[in-house]
Amino acid sequence: MVYEAQLLIDGRSVTARREATFSRSGPIGGGAATVASAASVGDALAAANAAAAAFPSWSTTPASERASILEHAADLLESRQDEFAAVMARELGATPTWAGFNCSLGAAILRDAATRTDCLGDTGGPAAGPAVTNLAVRQPAGVVLGIAPWNAPIVLSVRAVAVPLACANTVVLKASELCPKTHSLVAETLNDAGLPPGVLNLVSNAPDDAAEIIEALVAHAAVRRVSFTGSTRVGRSVAEICARHLKPCLLELSGKAPLLLLDDADIEAAADAASYGAFFNQGQVCISTERVIVDEAVAADFVAQFATRASALRAGDPSSGRHALGAMIGTEAANRVGTLVEDALAKGATLVCGGQRDDAVMQPTIIDHVTSTMRLYHEESFGPVAAVIRVAGVEEAIAVANDSDYGLAAAVFGRDTARALAVARRLETGIAHVNGPTVYDEPHMPFGGMKASGHGRFGGDSGVQAFTELRWISLHRQAHDYPI
């Protein structure tokens, strides 16, 4: 089956100008998975214009009405899980479990956003004298451009739009070229929930046109905020474009998440968390466990238990219903991860399990005795491979964890929770979990990274601050005595 995906502009599904399209081929089965409308710059500007025209009305829509629409969207999203699962399997090689996870968390993000629609308004503040009243005024920013990736396509596209809509902004969502149908279904679901025309618009584009489309949208006068989730490489380019146009941007970028096992860790619980964190969605999650930093006192026991769990997981065609894991995004991605494994083995690391590749399918892989001389130590793999790094004590564990350009998520396992929490506080990451997996999210908590993993925070009050303007208005009730 070949899916079709169109643009969503001003509440209507439309084709691109001159009927331009591009094809997305799925990682399994060959052939086109989706034929999608390929927006021109003119189409992108039309989407931004529609969002700008809808803003005055939406920005004054009562908070209760905005909340009701977001709640309804959450219900619709969950009800369409089977449809999303079918599309994600074809476009991305994703399993039904991953699609269900996306729908469930996406709905939770929408419901949390619905609780924040009353965030706008005025608060008083101290003033220099009794004749002055100061107000801190929080108001919607305007049009928000959200650029969403393919790897968690529902979660991350919903995250790009939910809080902006709750805060009475209008939105242009730029779909990923790798999952245009999935992202169009997300936009369609929100539109069906009752959003007025133009409040949410969707633009998809051919891969070669991405930079031009993003430049045009960022430059549009009505666009006041930009959010991007994706690789650090592309994020730098987005940030440069935003800087040229003086547009604030929120960036959630690449990661190299460490899971630290202290010498008193619960080995079984840590092995469960590592297996889930490293291999769910084939390790194609920004907060996937990429490095397992384990105290040498418990390393042998942990590696044995970790290997048992990894060996029980099999990757394959998700449509067969026989595999816990699906395919990677493509054969090129699997081959890239394979080169990281080969480099580590050539430099003295040990293959514990996995390593087999069949086109875009790669089996869960554990590499032990990884050192800083190996590419796998430093480079984001974004695949189903876990690098085990053995250390001598807490200080070395912290040093190794922080020896990375990235700083998105981390986890620490230790029965002495006070000590484990102290370790978590010293990690250079935006997120850290004690005795929990690196792959963990709650919509109301601040989500984002440090260093090359980006800046700014999605989620909760942090998201509200990112997608609103905070202004100072003062009311003066008598004339001033000016010095000149």
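Residues numbered from 1 in each chain as written. Predicted model: local features only at pLDDT ≥ 70, side-chain atom pairs only at ≥ 80, totals over all residues. Heavy atoms only, no water.

Colleague: Help me get a handle on the overall build of the chain, residues and values and all.
Modeller: Along the chain, the regular secondary structure elements total 15 helices and 25 strands. For 484 residues, the compact-globule estimate of 2.2 N^0.38 gives 23 Å, and the C-alpha radius of gyration of the chain, at 24 Å, lies within 12% of that figure. Taking the principal axes of the C-alpha coordinates as reference, the chain spans close to 75 × 60 × 40 Å. In the chain, the share of contacts with a sequence separation of at least 24, taken over all contacts with a separation of at least 6, comes to 74%. Surface summary for the chain: the accessible area is close to 18,800 Å², and the carbon and sulfur share equals 52%. Where the 37 positive side-chain charges of the chain centre and where its 52 negative ones centre are 4 Å apart. (Helix = DSSP H or I, 4+ residues; strand = E, 2+ residues; numbered from the N terminus. Rg over C-alpha atoms; globule rule 2.2 N^0.38 Å. Contact = heavy atoms within 4.5 Å. Areas by Shrake-Rupley, 256 points an atom, 1.4 Å probe, with all protein chains shown as cover. Lys, Arg positive; Asp, Glu negative; His and termini not counted. Charge placed at Lys NZ, Arg CZ, Asp CG, Glu CD.)

Colleague: Hey, could you go over unusual backbone geometry for me, with residue numbers and the actual values?
Modeller: The phi dihedral of Glu-19 is positive, around 60°, even though this residue is not glycine. Secondary-structure assignment places Glu-19 in the loop between β3 (12–14) and β4 (21–25). Despite not being glycine, Ala-168 shows a phi value in the positive range, around 70°. By the secondary structure assignment, Ala-168 is in the loop between α5 (153–166) and β9 (170–174). Looking at Ala-168, the relative accessible area reads 0%, which means it is buried. (Buried < 20%, exposed > 50% of the residue type's maximum accessible area, 1.4 Å probe, protein only.)

Colleague: Got a sec to walk through the packing of aromatic side chains? Specific residues and values, please.
Modeller: Enumeration over the complete set of coordinates arrives at eight aromatic pairs. When the centroid spacing of 5.2 Å and the interplanar angle of 10° are considered together, the rings of Trp-98 and Phe-101 count as stacked. In this pair, Trp-98 and Phe-101 are both assigned in helix α4 (residues 96–114), three residues apart and thus about one turn of the helix distant. For the ring pair Phe-302 and Phe-306, a centre distance of 5.2 Å and an interplane angle of 35° mean the geometry is tilted. Here Phe-306 and Phe-302 lie together in helix α10 (residues 299–311), a separation of four residues that amounts to about one turn. Phe-306 shares its class with Phe-302; the two are buried. (Phe/Tyr/Trp six-rings, centres within 6.5 Å; stacked < 30°, edge-to-face > 60°.)

Colleague: Tell me about the sheet that holds strand β21 (residues 411–413), and name the residues and values.
Modeller: Strand order in the open sheet formed by seven strands is β15-β18-β19-β14-β13-β21-β22, and the pairing between neighbours is mixed. The strands lining the two open edges of the sheet, one partner per strand, are β15 (350–353) and β22 (433–434). The pairing of strand β14 (residues 289–295) with strand β19 (residues 385–391) spans five bridges and is parallel. Paired with Arg-291 across the two strands is Ala-387, which belongs to β19. (Pairing = 2+ DSSP bridges.)

Colleague: Break down the nonpolar core for me, citing the residues and quoting the values.
Modeller: Within the largest apolar cluster, 101 residues are counted, with the highest numbers of intra-cluster contacts made by Leu-110, Leu-165, Leu-190 and Val-370. Top contributing element to this core by residue count: α5, with 10 residues. Setting aside its immediate chain neighbours within four residues, Leu-190 contacts Ala-73, Leu-110, Val-161, Leu-165, Leu-195 and Leu-200. If you look at the next biggest cluster of nonpolar residues, it comprises 30 residues, including Ala-265, Ala-270, Val-303 and Cys-353. (Core = buried A, V, L, I, M, F, W, Y, C linked by side-chain atoms within 4.5 Å.)

Colleague: How would you sum up the pattern of salt bridges? Please name residues and give values.
Modeller: On inspection of all chains with the given rule, the structure shows 22 salt bridges. Notably, a salt bridge pairs Arg-415 with Asp-266, separated by 4.0 Å at the nearest N-O pair. With Arg-415 in the loop between β21 and α14 (417–425) and Asp-266 in the loop between β13 (257–261) and α9 (267–279), this pair connects stretches of sequence that are 149 residues apart. With a relative accessible area of 57%, Arg-415 lands in the exposed category. Through salt bridges with shared partners, one network takes in Glu-71, Asp-75, Glu-78 and Arg-111. (Salt bridge = Lys/Arg side-chain N within 4 Å of Asp/Glu carboxyl O.)

Colleague: Could you give an account of the environment of Arg-314, with specific residues and numbers?
Modeller: Note on placement: Arg-314 falls in the loop between α10 and α11 (331–346). Once the C-alpha coordinates of Arg-314 and Asn-435 are considered, the two residues, 121 residues apart in sequence, prove to be 26 Å apart. Leaving out residues up to four positions away in the same chain, Arg-314 has contacts with His-323, Ala-324, Leu-325 and Gln-363.

Colleague: Quick one: what's the story with the state of the cysteines, residue by residue and with numbers?
Modeller: Applying the stated criterion across every chain, the model contains zero disulfides. A disulfide-free cysteine, Cys-119 has its sulfur positioned 3.6 Å from the sulfur of Cys-167, the nearest such atom. Considering cysteine sulfurs only, Cys-103 is the nearest to Cys-179, which forms no disulfide, with 13 Å between them. Residue class for Cys-179 comes out buried when judged on its relative accessible area of 0%. (Disulfide = S-S within 2.5 Å.)

Colleague: Describe the pairing of strand β10 (residues 200–203), with residues and values.
Modeller: On β10, burial covers both faces: Leu-200 and Leu-202 on one face and Asn-201 and Val-203 on the other are all buried. Note: β9 against β10, four bridges, orientation parallel. If you follow Val-171 over to β10, its bridge partner there is Leu-200. Between β9 and its parallel partner β10, the chain crosses via helix α6 (residues 180–192), and the hand of that crossover is right-handed. (Right-handed = clockwise from strand over helix to strand, strands pointing away.)

Colleague: For helix α13 (residues 394–402), give the residues involved together with the corresponding values.
Modeller: Among the residues making up α13, those that are buried are Ala-397, Ile-398, Val-400, Ala-401 and Asn-402. On its buried side, α13 packs onto β13, β14, α12 (375–378), β19, α14 and β23 (450–451).

Colleague: Could you give an account of the environment of Trp-58, naming the residues involved and the relevant values?
Modeller: If you trace the backbone, Trp-58 turns up in helix α1 (residues 41–58). The spatial distance from the C-alpha of Trp-58 to the C-alpha of Thr-170 is 7.3 Å, given a sequence separation of 112 residues. In this structure, Trp-58 is in contact with Arg-66, Ile-69, Leu-165, Ala-168, Asn-169, Thr-170, Leu-195, Pro-196 and Val-199, ignoring residues within four places of it in sequence. Here Asn-169 takes part through its backbone oxygen, which lies 3.1 Å from a polar atom of the side chain of Trp-58. (Polar contact = N/O pair within 3.5 Å; in protein donor to acceptor, adjacent residues only side chain to side chain.)

Colleague: Please give an account of the sheet that holds strand β7 (residues 132–140) that cites residues and values.
Modeller: Read across the sheet, three strands follow the order β6-β7-β25 without closing on themselves; strand pairing throughout is antiparallel. The strands lining the two open edges of the sheet, one partner per strand, are β6 (121–125) and β25 (468–476). In this sheet, neighbouring strand axes are inclined to one another by 25° on average, regardless of whether the strands run parallel or antiparallel. Relative to β25, β7 is paired through nine bridges, and the arrangement is antiparallel. What sits directly across from Thr-133, in β25, is Leu-475. (Axes fitted to C-alpha atoms, helices over the stretch in contact; angles between N-to-C directions.)

Colleague: Please provide a residue-by-residue account of the packing of α4 against α5, values included.
Modeller: It is at 8 Å that the axes of α4 and α5 come closest, and there the two elements cross at 10°. The pairing of α4 with α5 is recorded here as roughly parallel in orientation. In this structure, α4 uses Trp-98, Ala-99, Asn-102, Cys-103, Leu-105, Gly-106, Ile-109, Leu-110 and Ala-113 to contact α5, whose residues at the interface are Pro-153, Ile-154, Val-155, Val-158, Arg-159, Ala-162, Val-163 and Ala-166. (Parallel < 35°, antiparallel > 145°, perpendicular 65-115°, else oblique.)

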